[in-house]
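In case you want the letters, here they are:
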Amino acid sequence: MTFPSRDLIPPVRQKRIVIAAGCRCELCGEEYLAADLEIHTLGTERARTGGSPADLERELLVLCSCCHQDLHRNCVSDDEQRALLTYRTPEMTEAIREILSTKLKPYVPPEVDLEETFADATHLRTHYRGM
Ligand SMILES: [Zn+2]
Ligand SMILES: [Zn+2]
């Protein structure tokens, strides 16, 4: 099953948010592996069209797949979902807002000569023998 939230927040960022939430589902409070938790977005349309990226913090929930499916199946109201946000600690709120407002940097490959690194690694034994 796919949810629209997957497109809204880049996967790398979703994982950081999950970790900022202490790898805990915000509905059942259970601890999970980061990979087993999902980001649910409230008021998706509003999040997409207005406000600063940090405002998204009030528009998302970290949920385990079980609670996530439950929430969609039972059509939990927006108000009930927002009530869950009040359990967040100020530290967690701050951490998530920071993740969301950080600009994504384009990927720059590290300046490492792979061939040289490999040669260094394979000559390690010779190097130690010389010591
Ligand atoms: Zn849960
Ligand atoms: Zn969802």
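Preceding block: the structure.
None of the values given here were measured: they were computed from a predicted structure.

Criteria and cut-off values
- Residues numbered from 1 in each chain as written.
- Chains lettered and ligands numbered in written order.
- Predicted model: local features only at pLDDT ≥ 70, side-chain atom pairs only at ≥ 80, totals over all residues.
- Buried ≥ 20, exposed ≤ 12 C-beta atoms within 10 Å, placed from the backbone.
- Helix = DSSP H or I, 4+ residues; strand = E, 2+ residues; numbered from the N terminus.
- Arc of directions from axis to C-beta.
- Contact = placed C-beta atoms within 7 Å.
- Pairing = 2+ DSSP bridges.
- Core = buried A, V, L, I, M, F, W, Y, C linked by C-beta atoms within 7 Å.
- Axes fitted to C-alpha atoms, helices over the stretch in contact; angles between N-to-C directions.
- Parallel < 35°, antiparallel > 145°, perpendicular 65-115°, else oblique.
- Nonpolar A, V, L, I, M, F, W, Y, C, P; charged D, E, K, R; others polar.

Attention now goes to helix 2 (residues 11-20). Within the span of helix 2, buried status applies to Gln14, Ile17, Val18 and Ala20. Taken around the axis of helix 2, the buried residues stretch over an arc of 160°, which confines them to a single face. Close packing links the buried residues of helix 2 with strand 1 (37-41), strand 2 (60-64) and helix 6 (90-101). Where helix 2 ends, the next residue or the one after it, Gly22, has phi of about 75°, a positive value.

As a further point, take the pairing of strand 1. When you tally the buried positions in strand 1, you get five out of five residues, the bulk of the element. Of the two faces of strand 1, the one holding Leu37, Ile39 and Thr41 and the one holding Glu38 and His40 are both buried throughout. Pairing between strand 1 and strand 2: five bridges, direction antiparallel. Its bridge partner lying in strand 2, Glu38 is registered against Leu63.

For the rest of this paragraph, the subject is the nonpolar core. With 19 residues, the main nonpolar core has Ile17, Cys25, Leu37, Val62 and Leu63 as its most contacted residues. At the level of elements, helix 2, strand 1, strand 2 and helix 6 are the ones that each hand at least two residues to this core. The leading source of residues in this core is strand 2, at five residues. Here Val62 is in contact with Ile17, Val18, Ala21, Cys25, Glu26, Leu37 and Ile39, once residues within four sequence places are set aside.

Turning next to the packing of helix 2 against helix 6. What describes two packed helices is the angle between their axes and the distance between those same axes. The geometry of helix 2 relative to helix 6 is characterised by a closest axis approach of 9 Å and an angle of 170° between their N-to-C directions. One way to sum up the angle between helix 2 and helix 6 is to call them roughly antiparallel. Counting all contacts with helix 2, which are made through Arg13, Arg16, Ile17 and Ala20, the residues of helix 6 involved are Met92, Ala95, Ile96 and Ile99. Grouping the amino acids of the contact of helix 2 with helix 6 by side-chain chemistry returns six nonpolar, no polar and two charged.

Moving on: unusual backbone geometry. Phi at Cys23 is positive, roughly 55°, even though this residue is not glycine. When you line up the elements, Cys23 lands in the loop between helix 2 and strand 1. Under the C-beta neighbour-count criterion, Cys23 is labelled partly exposed, with 17 such atoms within 10 Å. Positive phi, normally seen in glycine, also occurs at Cys75, with a value near 50°. Structurally, the position occupied by Cys75 is in the loop between helix 4 (65-73) and helix 5 (78-85).

Turning to the environment of Thr102, a few remarks are in order. Locating Thr102 in the fold gives a position in the loop between helix 6 and helix 7 (114-122). Accessibility expressed as a C-beta count within 10 Å gives 12 for Thr102, which makes it exposed. Along the sequence, Thr102 and Arg13 sit 89 residues apart, while their C-alpha atoms lie 9.7 Å from each other.

Honestly, that's just the spatial picture; any functional story needs more than this.
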